[in-house]
Amino acid sequence: MADLELSGVRKAFADTVALDGVTFDIEEGEFFTLVGPSGCGKTTTLRTIAGLESPTEGTVRFGGEDVAGVPTEDRDVGIVFQNYALFPHMSVRENVAYGLNFAEPPDGQSVDERVTELLELVDLSGMGEREPDQLSGGQQQRVALARALAPAPDVLLLDEPMSALDARLRETLRRQVKRIQQDLAVTTVYVTHDQEEALAISDRLAVMHDGGVEQVGTPREVYEEPATEFVASFVGENNLFDAEVVGRDGGATAVAVDGTEFRIDDGLGDRSGGAGDRLTFCVRPEDLTVGADTNRFEVAVDTAEFLGETTRYYAEWGDRTVVFRTPDAHGGDGLTLGFDPADARVL
Amino acid sequence: MRVTRVAERLSAPALAVATLALLALMFFYPVGIVLVEAVRVDGVYTLATVVEVLRDPFFFGVFAQALDDPSVIVDSFPDYRLGLFGFTAYQALLSTIAAILLGLPGAYVLARFEFPGRKTIRSLTALPFVMPTILVAIGFVATFGESGVLVRALRSVGLPASSFTGTLGIIVLAHAFYDAPLIARITAASWEGVDAEMTETARSLGASPLRAFRDVVIPQLLPAILTGALLTFIFSFMSFAIVLALGGLSLATVEVWVYHRISQLDYGTASTLATMEMLFSLALTYAYLRYEARQRATSAARPPDRVDLLGPATKRRLFAWGYAVVAVVVFVVPIVSLLLSSVTGPEGFTLRNYRFLVERQASAYAFQIKPLTAVTNSLIFGAGTLLIAVPMGVFLAVVSTRQFRGRKLIDTLSMAPFAVSGVVVGLGLLRGFVFGTEAFGYRFTVTGAVAIVAAHAVGAYPFVTRNVAPALSGIDGSIVESARSLGASRARVMLDIELPLVVPAVLAGTAFAFAISIGEFDSTVILATGGSSYTMPVAIERFIGRRLGPATAMGVVLLVVTSVSFVIIDRLGEGSGFGG
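Since the structure is predicted, the reported quantities are computational estimates derived from the model, not experimental observations.

All names here are of chain A. Taken together, the six strands give an open sheet; going across it, the order is β6-β7-β8-β3-β9-β10, and neighbouring strands pair in mixed fashion. Across the chains shown, the open sheet's two edge strands, defined by having one partner strand only, are β6 (77–80) and β10 (212–217). Between one strand axis and the next, the sheet turns through 20° on average, direction left out of account. In this structure, strand β9 (residues 204–209) lies alongside β10, joined through five bridges in antiparallel fashion. Within the sheet, the bridge partner assigned to valine 207 lies in β10 and is glutamine 215.

Glancing now at the domain arrangement of chain A. Residue and element names in this part refer to chain A. In terms of domains, chain A is made up of domain 1 (4–233) and domain 2 (237–346). When each unit is reduced to the centre of its C-alpha atoms, the spacing between domain 1 and domain 2 is 38 Å. Tallying the contact residues gives five residues for domain 1 and five residues for domain 2. Considered class by class, the residues forming the side of domain 1 that touches domain 2 number two nonpolar, one polar and two charged.

Now for the environment of phenylalanine 115 of chain B. Tracing the backbone through its elements, the reader meets phenylalanine 115 of chain B in the loop between β3 (113–114) and α6 (118–124). Taking the C-alpha atoms as reference points, phenylalanine 115 of chain B and leucine 310 of chain B, 195 residues apart in sequence, are found 7.2 Å from one another.

Let's shift gears to the interface of chain A and chain B. The partner chain B presents 15 residues to the 18 residues of chain A that form the contact. Looking at the side of chain A that touches chain B element by element, the count peaks at three residues for β6 of chain A. Partitioned by chemical class, the residues of the side of chain A that touches chain B number twelve nonpolar, five polar and one charged.

A few words now on the packing of helix α15 (residues 315–342) of chain B against helix α26 (residues 548–572) of chain B. All names here are of chain B. Direction vectors running N to C along α15 and α26 enclose 120°, while the axes themselves pass 8 Å from each other. Judged by the angle between their axes, α15 and α26 are oblique. Relative to α26, α15 is oriented so that their crossing is left-handed. Facing Leu338, Leu339, Ser341 and Ser342 of α15, the residues of α26 in contact are Leu548, Gly549, Thr552, Ala553, Gly555, Val556 and Leu559.

The next thing to look at is the pairing of strand β13 (residues 260–264) of chain A. All names here are of chain A. Relative to β13, strand β12 (residues 252–257) is paired through five bridges, and the arrangement is antiparallel. Across the sheet, threonine 253 pairs through a bridge with isoleucine 264, a residue of β13. Connecting β12 to the antiparallel partner β13 that follows it, the hairpin turn spans two residues, and aspartate 258 within it adopts a positive phi of roughly 50°.

How each quantity is defined
- Position labels on residues start from 1 in each chain and follow its written sequence.
- Here chains are named by letter from A upward and ligands by number from 1 upward, in the order in which they appear as written.
- Local features in this predicted model are restricted to residues whose pLDDT is 70 or higher, and side-chain atom pairs enter the listing and the counts only when it is 80 or higher, whereas totals over whole chains, interfaces and linings include all residues.
- Strand pairing is assigned whenever DSSP detects at least two bridges linking the two strands.
- Helix and strand labels come from DSSP, where a helix needs a run of H or I of at least four residues and a strand needs a run of E of at least two; each type is numbered from the N terminus.
- To obtain an axis, a line is fitted to C-alpha atoms, over the contacting stretch when the element is a helix, and the angle between two such axes runs from 0 to 180 degrees between their N-to-C directions.
- Boundaries between domains were set according to an automatic or database domain assignment.
- The contact rule is simple: place each C-beta atom from the backbone, and if two of them lie within 7 Å, those residues are in contact.
- The nonpolar class holds Ala, Val, Leu, Ile, Met, Phe, Trp, Tyr, Cys and Pro. Asp, Glu, Lys and Arg form the charged class, and all remaining residues, Gly among them, are polar.
- In what follows, roughly perpendicular refers to angles from 65 to 115 degrees, roughly parallel to angles under 35, roughly antiparallel to angles over 145, and oblique to any angle outside these ranges.
- Left-handed describes a crossing in which the near helix is turned anticlockwise from the far one by less than a right angle; the clockwise case is right-handed.

If you want it as structure tokens, here you go:
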């Protein structure tokens with residue numbers, strides 16, 4: 001049985017619908033991420049799980065049990081907010097111990113032992129007597145994490161916990177959070193707008209858009225087999241092509257984009273429909289190769305962005321812009337790109 | 001666990017009921033009595049008294065005359081009879097104009113110049129909120145009165161001078177002393193919010209400095225000036241102690257006349273006048289609150305650079321220096337005169353006046369005011385006020401930051417004392433409780449002291465609320481949500497997290513409440529009449545005409561207590577809630 005289930009969750013505020021038909025299951029011990037642009041409803045979803053918002057329609061189940069009407073303090077959740085929300089008038093130790101006023105520490109530990117253990121877990125041993133304002137942002141974030149974990153919650157909720165930190169620190173902390181989550185095997189819901197972070201950290205993720213869930217899957221599934229145009233363009237970079245089906249060729253489909261014919265074969269057979277139908281397919285920038293021998297088309301490079309291990313090119317193809325990546329240097333007109341039919345994905 | 005949960009659930013409603021009951025008892029019931037007495041004569045409800053007042057030229061001047069004979073509007077043009085209400089509005093209007101004239105240059109200097117002590121002076125502009133009005137009165141008497149410092153100084157250089165008090169001008173100046181700092185404060189805050197880049201854009205488009213000021217800065221200052229002006233008008237319209245002490249009956253405003261009728265035991269007329277005044281001031285306060293709520297504090301991306309006040313003379317600096325001289329004369333001289341008068345006598349420097357405060361205690365007749373009793377009464381009433389006003393104010397602050405149906409109503413009801421003058425509350429408490437009230441077959445009476453504490457608490461708790469509420473709502477919502485997600489109930493979060501975080505604001509509110517109680521004059525003077533529960537402000541008013549020395553000595557004592565409260569408020573508080 002799933003540890004946490006949302007089904008048909010709708011949340012309407014006075015003048016807007018924040019969530020509509022949000023449905024997914026999270027397994028016990030899973031690291032599950034809600035990712036999407038700002039305003040997509042990911043934070044509202046997290047707050048609904050926490051019991052800080054009550055859904056207008058739909059149900060939230062913890063371990064199979066409907067938690068409608070159960071206030072936050074009676075749900076076994078731990079939350080870490082973007083701004084950490086440490087209690088400014090309490091020391092680090094008092095902050096971490098606060099939740100143990102309302103719940104016994106697990107495994108028969110004393111409060112002191114539990115707090116010490118958690119401070120060790122987040123590498124803050126010896127910092128217990130500090131005041132929150134004496135800590136760096138990264139340290140404050142770890143205190144918030146220790147505080148949320150201290151009462152051994154069933155579900156850990158993380159609302160953009162890294163976005164106030166600089167990029168390098170974010171990557172270090174990301175690994176640390178993931179390691180702690182795996183050690184404790186605590187069911188975790190993580191909210192971020194950063195798709196790269198979502199891919200890096202999650203067991204599975206839900207891509208959200210306009211208050212709904214576009215796709216749920218593992219990072220690889222979502223990246224390689226985007227279900228919708230939104231997912232295709234939001235997760236990673238992508239080239240989207242509008243095409244007309246010309247005919248079928250074995251497992252592959254022949255399509256025409258502005259008169260240029262391509263063969264695409266995403267292994268999904270008749271999803272591409274019959275001749276005359278329109279479809280959209282996408283090809284990742286790294287799958288467009290210079291001088292390929294199939295699905296060739298000629299482009300003119302417009303801008304190049306040197307990224308270190310690779311270079312990203314924006315190129316004109318007719319009145320379209322395509323983006324491709326390669327370690328080699330290119331420039332000028334008359335560059336021939338192509339792609340493997342198996343690398344195209346029909347949406 | 002279950003039991004404590006139930007207790008927690010019930011604690012908020014129980015507190016709400018207790019608070020509302022106290023409010024009803026201390027405020028709404030007494031004010032209700034005044035309203036009822038206005039329309040009841042000998043046990044019969046009638047509008048006769050109201051009509052009588054409306055038709056009496058003594059109260060409504062040319063309007064009343066016009067009811068009998070409209071031609072008077074033409075005949076007596078432009079020399080209209082103002083009547084009591086007309087005169088009250090007239091002096092309030094003059095006071096507002098004077099306060100604007102005195103306050104706006106102050107706003108300019110505060111907003112656009114840099115000088116040592118600027119921040120201190122800026123925070124001192126909030127002083128009028130806690131400064132007892134009677135202190136302004138005694139300061140002005142000590143400066144402009146018959147034996148005032150200014151009058152004596154003028155005489156000593158051979159100029160013929162006599163008392164300036166008892167004139168409309170001195171009342172207007174006293175009101176301006178009181179309210180100009182508020183106008184300067186509110187306007188300066190708004191001025192500092194005007195982005196330098198807006199003016200620079202106007203200049204780059206071809207506007208001269210003066211033109212840019214007129215087109216860009218002034219329109220953005222207008223709402224602040226209007227807010228301050230409205231506030232000044234309300235304060236001046238309801239002014240009591242200043243007019244009573246500096247003008248007397250010959251320059252009576254409605255409040256003073258109500259007090260006069262009460263002291264003549266004519267409660268019917270007093271109630272009718274008080275009710276009319278209350279309706280007017282409620283309407284004005286409502287307009288003020290509506291208008292203020294529309295203002296939005298902005299902070300400039302880049303505030304304009306300040307000009308150093310010290311430096312070679314330029315037109316701007318000369319203006320600022322000139323204003324500084326005026327400000328010293330108007331704001332500093334009365335305070336210095338107060339201090340000076342308290343330590344001088346015919347023989348020069350003396351502590352006679354302070355000794356009098358102590359020695360008088362033994363020698364006074366029973367009907368005379370004993371100074372030390374006034375001091376101890378003030379302190380006892382102050383402490384009593386805190387016991388009621390602080391819990392009530394904090395609770396109402398909590399209520400005002402919650403979302404629930406009926407919150408607006410409670411908000412409005414709890415801020416109502418702002419708009420009702422102390423004279424009205426005093427009259428209601430006197431009629432309702434000190435004279436006794438019948439309920440359940442018993443007659444309840446309350447001593448003057450208890451009634452005074454009730455009146456002070458009513459005047460003080462809104463200031464506690466206005467200090468604590470912004471602090472509470474300033475707490476990051478996610479801190480509260482974190483605590484709840486860790487298992488704390490709503491009541492527990494309040495006790496563990498929110499209240500500890502607003503302790504400074506509560507202390508500021510406490511200091512505010514104490515200062516309000518110590519300085520309260522309007523209702524105290526009514527409730528203390530004939531009894532022994534007089535306070536320092538009442539004693540000062542009694543001494544003012546007869547014994548300037550002791551009056552100023554007591555004024556200094558009051559000034560010290562008020563200043564200490566002010567320092568606490570300034571260090572810890574969110575301000576009065578009135579802009580700035």
